[in-house]
Amino acid sequence: MSSILLLTASPRPSSFSTQIAFELADRLRAANPTSLLVHRDLATNPLPHIDGGFTAGIHKPNEALNAAEAAAIRLSDELVAEILGADTLVIGTAFINFNITSNLKSWIDYIGRAGKTFQYTASGPEGLVKDRKAYIVLASGGIYSEGPAAALDHATPYLKSVLAFIGITDVEVIRVEGVNRGPDGAANAVTAARAQIARIAA
Ligand SMILES: Cc1cc2nc3c(=O)[nH]c(=O)nc-3n(C[C@H](O)[C@H](O)[C@H](O)COP(=O)(O)O)c2cc1C
């Protein structure tokens with residue numbers, strides 16, 4: 001059965017990225033009604049930052065873990081199982097200080113696991129999360145798809161790099177951009193994003 005993992009990460013209550021990411025997930029489900037939707041709300045239920053328990057625990061067998069390490073590895077294993085169990089990933093994030101939200105970064109820190117989501121081979125690292133489609137819904141006050149600020153978009157190349165590293169290369173970006181640009185900025189940005197997700201679901 002197909003499964004969609006929806007991650008939402010904006011700390012803002014009236015978030016555009018959360019709204020559009022939900023709309024996209026709903027449309028994908030409508031196109032494939034038997035698919036499961038798993039939603040992880042990283043803003044309301046933020047993950048703890050990785051700590052000494054995690055960084056030590058990833059190098060030990062389960063039976064050697066102390067309580068703090070076991071808790072961190074259990075959480076990481078749960079998050080890894082969620083992404084491995086999904087064939088479609090929808091990531092909604094606010095653009096904060098030229099990058100993704102810190103809560104989404106924490107999620108990445110937990111799911112980047114050698115031997116589970118990637119492995120080292122003689123010819124270099126190999127992603128183990130293959131044959132998936134990912135959508136990135138990125139909401140920003142300014143415009144970064146083109147123009148003078150494009151080089152300041154560290155969110156899109158970063159997310160694409162991380163996804164490629166774990167094996168996900170089929171990635172589409174939906175920008176909800178320029179929401180702070182004038183009185184119509186938000187409305188125009190949402191209209192453009194909705195047109196894009198309508199094309200995706202068609
Ligand atoms: C703390 C903070 C930092 C922000 N940094 C940027 C930024 O670097 N560039 C930008 O274009 N917009 C920035 N914004 C505006 C947000 O990207 C914008 O409000 C966007 O709609 C957030 O996504 P959301 O609607 O999903 O919450 C920032 C907003 C906040 C609250």
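Relevant structure appears above.
Reference entry: report on the structure contained in this document. (Residues numbered from 1 in each chain as written. Predicted model: local features only at pLDDT ≥ 70, side-chain atom pairs only at ≥ 80, totals over all residues. Heavy atoms only, no water.)

### Looking at the pairing of strand β4 (residues 118-121)
Across 4 bridges, the pairing between β4 and strand β5 (residues 124-127) is antiparallel. By the bridge assignment, Phe118 is partnered in β5 with Gly127. (Pairing = 2+ DSSP bridges. Helix = DSSP H or I, 4+ residues; strand = E, 2+ residues; numbered from the N terminus.)

### Quick notes on the pattern of salt bridges
This model, assessed by the stated rule, comprises 10 salt bridges. Where Asp77 meets Arg113, a salt bridge forms, and the shortest distance between an N and an O atom there is 2.9 Å. Pair noted here: Asp77 is in helix α3 (residues 67-84) and Arg113 is in the loop between α4 (102-111) and β4, with a separation of 36 residues, a long-range link. Using a relative accessible area of 9% as the deciding quantity, one classes Arg113 as buried. Three or more residues are tied together by salt bridges with common partners; here these are Arg40, Glu78 and Glu82. (Salt bridge = Lys/Arg side-chain N within 4 Å of Asp/Glu carboxyl O. Buried < 20%, exposed > 50% of the residue type's maximum accessible area, 1.4 Å probe, protein only.)

### A closer look at the site of the ligand
Neighbouring residues of the ligand: 17 residues in total, closest Ser10, Arg12, Ser15, Ser17 and Phe95. Taking Phe95, its main chain carries an N or O atom lying 2.7 Å from an oxygen atom of the ligand. Interatomic distance of 3.4 Å between a backbone N/O atom of Ala139 and an oxygen atom of the ligand. For the ligand, whose free accessible area comes to 630 Å², the fraction covered by protein is 77%. Secondary structure elements with two or more residues in the shell around the ligand: α1 (16-31) and β6 (133-140). By residue class, the composition of the shell around the ligand is 8 nonpolar, 8 polar and 1 charged. (Near = heavy atom within 4 Å. Polar contact = N/O pair within 3.5 Å; in protein donor to acceptor, adjacent residues only side chain to side chain. Areas by Shrake-Rupley, 256 points an atom, 1.4 Å probe, with all protein chains shown as cover. Nonpolar A, V, L, I, M, F, W, Y, C, P; charged D, E, K, R; others polar.)

### Some remarks on the packing of aromatic side chains
By the definition in use, this model includes 5 aromatic pairs. A ring pair is formed by Phe54 and Tyr110, whose centres lie 5.3 Å apart and whose planes are at 70°; its orientation type is edge-to-face. Taken together, the residues span a long stretch of sequence, with Phe54 in helix α2 (residues 52-57) and Tyr110 in helix α4 at a distance of 56 residues. We note that Phe54, like Tyr110, is buried. The interplanar angle of 50° and the centroid separation of 4.7 Å between the aromatic rings of Phe118 and Phe165 together place this pair among those described as tilted. In this pair, Phe118 is assigned in strand β4 and Phe165 in helix α5 (residues 155-165), connecting sequence segments 47 residues apart. Assessed through its relative accessible area of 7%, Phe118 is described here as buried. Each residue in the set Phe95, Phe98 and Tyr144 is aromatic and connected to the rest through ring pairs, giving one cluster. (Phe/Tyr/Trp six-rings, centres within 6.5 Å; stacked < 30°, edge-to-face > 60°.)

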